[in-house]
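Descriptive structure summary
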Amino acid sequence: MASVTYDHVTKRFAGGTLAVNDFNLEVKDTEFMVLVGPSGCGKSTALRMLAGLEEISDGEIRIGDTVVNDMPPRDRDIAMVFQSYALYPHMTVQDNMAFGLRMRGTPKADIDRRVKQAAEILELGPLLNRKPRQLSGGQRQRVALGRAIVREPQAFLLDEPLSNLDAKLRVQTRIELQKQHRALHATFIYVTHDQVEAMTMGDRIAVMRDGVLQQVAPPREIYDQPANMYVAGFIGSPTMNFIPVTVQGKTAKASGFEVPLPSAPGVEKGILGLRPEAMRERLRDETSQGTTNGASGLDMKVEVTEVLGADQFVYGLVGTDSAVTARVDPNLHVSPGDRIRLVVDTRRVHLFDPETGKAIL
């Protein structure tokens, strides 16, 4: 296996459109790196440049210590798993997995050994004589991964591989991919628009927007310490609440309410960021002011409620007109039009620059 390095990589399409702009990223050997962002942000283009399917306009891509800018795809020693699986419908599972090795002239005994090992890892043994039409979506995805595994590449590139699966199967296959990563001790670079996949699968996450890398960090750091409003809003569901505020010392003030800040940011204006779980309903033994253990209180007029089994989200207004989403006890009985008191954990408050969007706190 090997590390992968993007060094000031840029991709310009005809007409001057910048798909990827000055992209810098180092993927460590055996790391599971996730590139995440909305459609059109450049994440798949970054992956395709690494695979050799797109030319690089500027910069350098290295696999290990080898510069691969001008190297043909077949010589890069990587394997790619596509969203569409790209299986040959007339071939059995075994033949699909072995096809690439046969085309490269690999000895039959070596092919048989590799296919058998991959089938054991992916639990495909009973399916080897079936054809793709006889398989479920999850089984087809495992075959596509198996075809990559048998090549014993330096890195696995996965481009939205779970997008065609239903919700339940996505969860199952997501877990399976994490198991395979650990079993193979391989370098995985995984592209997705799904922030849940990114948070649950990646050792680190690279968040992209309009071809520009916004932040690279482990999932917990991305969530707790977003570099800017874009990252804060993209990662997390429901999204973070953003409220324009004025700042006086260690207090953020909006129309009709104020929230203490963990420290004085030294600015006069900002965008207050509150995740839904940073707010909860006030308990009976808490003061009428709603302050306890570093918490501050807000009054909400409830407009919409969503009960999702183990979770309940309430959507409403605080102060004069600030829209807020809060996560509350699923057993709390609340209806549109009700007023509830929310306790804010001031240790989990964020503040962003209103002009640049960069994190201040």
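The following paragraphs examine the structure supplied in this document. The structure displayed is predicted, hence computed values, not measured ones. (Residues numbered from 1 in each chain as written. Predicted model: local features only at pLDDT ≥ 70, side-chain atom pairs only at ≥ 80, totals over all residues. Heavy atoms only, no water.)

With that settled, consider the pattern of salt bridges. Within this structure, the stated rule accounts for 17 salt bridges. Note that E277 is salt-bridged to R348, the shortest N-O span being 3.9 Å. You can see E277 sitting in the loop between β14 (269-274) and β15 (279-281) and its partner R348 sitting in the loop between β19 (339-345) and β20 (350-352), a full 71 residues away along the chain. By relative accessible area, R348 is classed as partly exposed at 35%. When salt bridges that share partners are traced, they join D110, R113, R114 and E152 into one network. (Salt bridge = Lys/Arg side-chain N within 4 Å of Asp/Glu carboxyl O. Helix = DSSP H or I, 4+ residues; strand = E, 2+ residues; numbered from the N terminus. Buried < 20%, exposed > 50% of the residue type's maximum accessible area, 1.4 Å probe, protein only.)

Cis geometry is found at the peptide bond from S237 to P238, where omega equals -5°. Looking at the secondary structure, you find P238 in the loop between α8 (229-234) and β11 (241-248). Notably, E123 is not glycine yet its phi reads approximately 55°, a positive angle. For E123, the position within the fold is in the loop between α3 (108-122) and α4 (137-149). Here D210, not a glycine, exhibits a phi torsion of approximately 50°, which is positive. Inspection of the secondary structure assignment puts D210 in the loop between β9 (204-209) and β10 (212-217).

Our focus in this paragraph is the packing of aromatic side chains. Given two aromatic rings, their pairing is described by the distance between the two centres and the angle made by the two planes. Enumeration over the complete set of coordinates arrives at 7 aromatic pairs. Joined through ring pairs, the aromatic side chains of F32, F156, F188 and Y190 make up one cluster. (Phe/Tyr/Trp six-rings, centres within 6.5 Å; stacked < 30°, edge-to-face > 60°.)

The next point concerns the nonpolar core. M97, F156, L158 and Y190 are the most contacted members of the largest nonpolar core, which totals 47 residues. Discounting chain neighbours no more than four positions away, the residues touching F156 are A79, A148, I149, L184, A186, T187, F188 and I189. In terms of nonpolar packing, the next biggest core, distinct from the first, is built from 28 residues, A2, V9, L25 and L50 among them. (Core = buried A, V, L, I, M, F, W, Y, C linked by side-chain atoms within 4.5 Å. Contact = heavy atoms within 4.5 Å.)

Another aspect to go through is the layout of surface pockets. Volume-wise, the largest pocket comes out at about 580 Å³. As for the largest pocket, its lining consists of 21 residues, of which I78, M80, G100, R147 and R151 are closest to the centre. When residues of the lining of the largest pocket are traced back to their parent elements, those giving at least two are β6 (78-81), α2 (93-103) and α4. Considering each element in turn, the lining of the largest pocket owes the most residues, 5 residues, to α2. (1 Å grid on protein atoms, 1.4 Å probe; cavity = no way out; pocket = protein on both sides within 12 Å on 5 of 7 lines; lining within 4 Å. Points joined across faces, edges and corners; volume = space filled by probe spheres on them.)

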